[in-house]
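Secondary and tertiary structure notes
Each chain is listed here by its residues.
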Amino acid sequence: MKLILTADVDNLGAPGDTVEVKDGYGRNFLLPRGLAIAATRGAQKQVEGIRRAQEARAVRGLDHANELKQAIEGLTSVTLSVRTGGSGKLFGAVTAADVAAAVKSAGGPVLDKRSIELPKSHVKSTGTHRITVALHPDVTASFDLEVTAS
């Protein structure tokens, strides 16, 4: 099945790329999630527009990513209060969405939860944890998240 990607897909391509994938992968994963469109003549004409928009975003993105990095690393304390048991273990886990909300409430920028990289995929105990944010392929920012019991 021949498709045109509308978003960045790991191990497949970038927006605007025309790719050949197996029918099931395209029909059951890429198309329903809006990650790709069918490669028709009309869609082929849209590819150039998608590529131009992606290039313009990438040029603006690097400067903007550096500004966001300075804002994130300039945060003095990012604290998240969660419910815990008697031994300091959390009821559940801290997710990337929780971290994004904590950064915003600490006065930081609004972050996409998909760009936040948690240690061992989830934080499940109180204390200070190092969080990394992939703002751009060339720019990453790190900060300390303090998880406290409420």
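Structure: see above.
Predicted, not measured: the structure shown is a model, and the values here were computed from it. (Residues numbered from 1 in each chain as written. Predicted model: local features only at pLDDT ≥ 70, side-chain atom pairs only at ≥ 80, totals over all residues. Heavy atoms only, no water.)

1. Observations regarding the environment of F91
Put simply, the rule is: Helix and strand assignments follow DSSP, with helices taken as H or I runs no shorter than four residues and strands as E runs no shorter than two, numbered in order from the N terminus. Working rule for contacts: check all heavy atoms of both residues, and any pair within 4.5 Å makes them a contact.
Its place among the elements puts F91 in strand β5 (residues 89-94). On a C-alpha basis, the gap between F91 and P32 in space is 34 Å, while along the polypeptide they are 59 residues apart. Dropping the residues within four chain positions of it, F91 is found in contact with R83, T84 and G85.

2. Concerning the packing of aromatic side chains
Basically, it comes down to this: Paired rings are identified among Phe, Tyr and Trp, the last through its six-membered ring, by centres lying within 6.5 Å, and are further divided according to the angle between planes into stacked (under 30 degrees), edge-to-face (over 60) and tilted (the rest). Throughout, exposure labels follow a simple rule: accessible area from a 1.4 Å probe, protein chains only, divided by the maximum for the residue type, with under 20% read as buried, over 50% as exposed, and the rest as partly exposed.
Under the definition given, this model contains 1 aromatic pair. Ring geometry for Y25 and F29: centres 5.5 Å apart, planes at 10°, overall stacked. With Y25 and F29 both in helix α1 (residues 23-30) and 4 residues apart, this pair spans about one turn of that helix. Using a relative accessible area of 33% as the deciding quantity, one classes Y25 as partly exposed.

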